[in-house]
Amino acid sequence: MDEISIGTRGLAVIEDIPTRAEQSATMAGHRSKIVHAEPPSPAALETDFDLPGQSKLFDLGQIDVQWEPEFGTLWAFITPLDRPNYNIGLLRDTMAWQMEAKKVFAANPDELRYMVLGSRFPGVFNLGGDLEMFARCIENQDRETLRQYSHLCVDIVDRVWHCNDMPVINIGLAQGDALGGGFEALMCFDVIIAERQARFGLPEVLFGLFPGMGAYSILARRLGHAVAERMILSGRVYTAEEMHEMGVITVVADPGKGEEVAREYIATNRERHAGQLGVYRAGRRVMPLELAELRDIVDGWVDTAMKLTERDIRMMRRLAAAQTRLHRR
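Note that the coordinates shown come from a computational prediction; the quantities given were computed from them, not determined experimentally.

Draft legend 1. Here's a closer look at the overall build of the protein. Scanning the protein from terminus to terminus reveals 14 helices and 10 strands. With 329 residues in all, the protein has 56% of them scored as buried. Contacts spanning at least 24 positions in sequence make up 76% of the contacts within the protein whose residues lie at least 6 apart. Within the structure as shown, the protein displays about 14200 Å² of accessible surface, and the carbon and sulfur contribution to it stands at 52%.

Here's what the structure looks like:
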């Protein structure tokens, strides 16, 4: 594939999504098999915490969470209210999903074996950071707001990377594009299942930044420092097949079949859960990633952001406007 150049090429990556999103609108029918949570019973409300499948704890604004006890799987799907990016509300919902899952299953942690994160936005997993908010903070030199936002991001990365300190296998389900912070979030998972049409990349170089919320740390551990730097500095967009060949994506699914393939993966591997869990834990022990490292890097990201030029901010806003058009379609 051609590398993205500064200017229209990078913007086209996002502007191309609506056409494909319209084509994928019929994908919703594949999701009817999921077990939806029932309203809590009076008895459940009297307990210290609501039971899985009956929990009001997962009544989140931008994440739809559903419990499937047969497979020990907690399914979560991003349901953005606005642009399909990591706005502060979605970040808070993501943290709540992690924290409340641990609370609900505290008494019986072995019941929860898999946590899956996908997206209900057609054609998009997530397009990354809240660029309009970034632009305002930079213009106003509001370092503290940007620092708080970025620290919340890496706190979530740390929690997902360490599987919420629970005996679970995390599965990222990309039924559409994952760019910037959306790709950073996805690469935290033990297993990544991606539909063939999805695209992946780190376009921050388009506006003078670098991906500061874990991309370098995770890619360097998985692919080596040289490959990580090449990916970040090129701004290239990759296909699902390319990411699979590099070892970042675990399974490639046909368009519209991602959720079905995720179910098949769980059904096929659930008897090997203990062994797989041990392998992923060993990998984190051999190449540990600590929160302090993530925070140090993201503090450098904030410093870099504060120095962006007016031209960089204009490009940032063009990309934000393209994300907004996705929502309005």
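Now that the structure has been shown, the text picks up again.
Draft legend 2. The arrangement of the environment of Gly-258 in detail. On the secondary structure map, Gly-258 appears in helix H11 (residues 258–269). Counting along the chain gives 140 residues from Gly-258 to Gly-118, while the straight-line C-alpha distance between them is 9.3 Å. The residues touching Gly-258, leaving out its near neighbours within four places in the chain, are Leu-173, Ile-193, Glu-195 and Ala-253.

Draft legend 3. Broad picture of the pattern of salt bridges. Considering all chains together, one arrives at 18 salt bridges under this definition. Close ionic contact of Arg-317 with Glu-132 constitutes a salt bridge, the shortest N to O distance being 3.1 Å. In this pair, Arg-317 sits in helix H14 (residues 310–328) while Glu-132 sits in helix H5 (residues 131–139), placing the two residues 185 residues apart along the sequence. With a shortest N-O distance of 2.9 Å, Asp-177 and Arg-199 are connected by a salt bridge. With Asp-177 in strand E6 (residues 177–179) and Arg-199 in strand E8 (residues 199–201), this residue pair connects regions lying 22 residues apart in the sequence. Each member of the pair Asp-177 and Arg-199 is classed as buried. Linked by salt bridges that have partners in common, Glu-132, Arg-136, Glu-139 and Arg-317 make up one network.

Draft legend 4. Structural detail: the sheet that holds strand E9 (residues 237–239). Across the sheet, which stays open at both edges, the 4 strands sit in the order E4-E6-E8-E9 with mixed pairing between neighbours. The sheet terminates laterally at strand E4 (124–126) and E9, the two strands that pair on one side only. Direction aside, neighbouring strands of the sheet carry axes that sit 25° apart on average. Here E8 runs beside E9; their pairing, made up of 3 bridges, is antiparallel. When the bridges of E9 are listed, Phe-200 appears paired with Tyr-238.

Calculation criteria
Residues numbered from 1 in each chain as written. Predicted model: local features only at pLDDT ≥ 70, side-chain atom pairs only at ≥ 80, totals over all residues. Heavy atoms only, no water. Helix = DSSP H or I, 4+ residues; strand = E, 2+ residues; numbered from the N terminus. Buried < 20%, exposed > 50% of the residue type's maximum accessible area, 1.4 Å probe, protein only. Contact = heavy atoms within 4.5 Å. Areas by Shrake-Rupley, 256 points an atom, 1.4 Å probe, with all protein chains shown as cover. Salt bridge = Lys/Arg side-chain N within 4 Å of Asp/Glu carboxyl O. Pairing = 2+ DSSP bridges. Axes fitted to C-alpha atoms, helices over the stretch in contact; angles between N-to-C directions.

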